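Report on the structure
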Amino acid sequence: IADKQLEHEIKKEKQANMKKINTLVNLKGANLNQTDNEGDTLLHHCYRRGRADTVQFLLKYIDPNITNKSGETPFSLSCSYGNLEFIEEIMRSNK
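Predicted, not measured: the structure shown is a model, and the values here were computed from it. (Residues numbered from 1 in each chain as written. Predicted model: local features only at pLDDT ≥ 70, side-chain atom pairs only at ≥ 80, totals over all residues. Heavy atoms only, no water.)

1. A short note on the side chain of Asp40
Here is the rule: Only DSSP runs of H or I with at least four residues qualify as helices, and only runs of E with at least two residues qualify as strands; both kinds are numbered from the N terminus onward. Two N or O atoms count as a polar contact when they lie within 3.5 Å, although within protein this holds only if one can serve as hydrogen donor and the other as acceptor, and sequence-adjacent residues are included solely when both atoms are side-chain atoms.
Inspection of the secondary structure puts Asp40 in the loop between helix H1 (2-26) and helix H2 (42-49). A polar contact of 2.8 Å, which involves the side chain of Asp40, links it to the side chain of Asn68.

2. Some details on the environment of Leu58
Spelled out, the test is: Buried, partly exposed and exposed residues are distinguished by accessible area as a fraction of the type maximum, computed with a 1.4 Å probe on protein chains only: under 20%, between the cut-offs, and over 50%, respectively.
Looking at the secondary structure, you find Leu58 in helix H3 (residues 52-58). Residue Leu58 is classed as buried on the basis of its relative accessible area, which comes to 0%. Spatially, the C-alpha atoms of Leu58 and Cys46 are 9.4 Å apart, while their sequence positions differ by 12 residues.

3. Regarding the environment of Asn68
So the rule is basically this: Residues are treated as being in contact if the distance between any of their heavy atoms lies within 4.5 Å.
Here Asn68 lies in the loop between H3 and helix H4 (74-80). For Asn68 and Asp36, which are 32 residues apart along the polypeptide, the C-alpha to C-alpha distance reads 9.1 Å. Those residues within four positions of Asn68 in sequence are excluded, and the remaining contacts are Glu38, Gly39, Asp40, His44 and Leu77. Of the polar contacts made by the side chain of Asn68, one reaches the backbone nitrogen of Ser70; its length is 2.9 Å.

4. Observations regarding the nonpolar core
What counts here: For our purposes a nonpolar core is just a set of buried Ala, Val, Leu, Ile, Met, Phe, Trp, Tyr and Cys residues, chained together by side-chain atoms within 4.5 Å.
In terms of nonpolar packing, the biggest core is built from 12 residues, these being Leu32, Leu43, Cys46, Tyr47, Val55, Phe57, Leu58, Leu59, Ile62, Leu77, Phe86 and Ile90. The set of elements that each furnish at least two residues to this core consists of H2, H3 and helix H5 (84-93).

So this is what it looks like as structure tokens:
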């Protein structure tokens with residue numbers, strides 16, 4: 001039972017995150033290429049969480065080759081951290 005509850009909570013959290021991102025995209029003037037103080041976009045931050053569904057969505061709006069202030073791309077960061085799902089999503093988007 002605990003596994004099913006956890007699975008349900010994870011699914012709810014994923015749906016909530018996608019809903020928030022969809023809302024941002026649909027807002028007039030929303031810029032998903034906006035960066036933080038380090039030059040990271042949302043895509044740069046996603047590599048930490050390994051959220052392939054979010055990455056797949058963001059790749060429609062954010063250039064995966066954009067570099068932060070350290071010269072890192074979302075792809076290079078995902079390679080550094082061994083995030084295979086993320087790497088696969090970026091490689092599929094670059095075809």
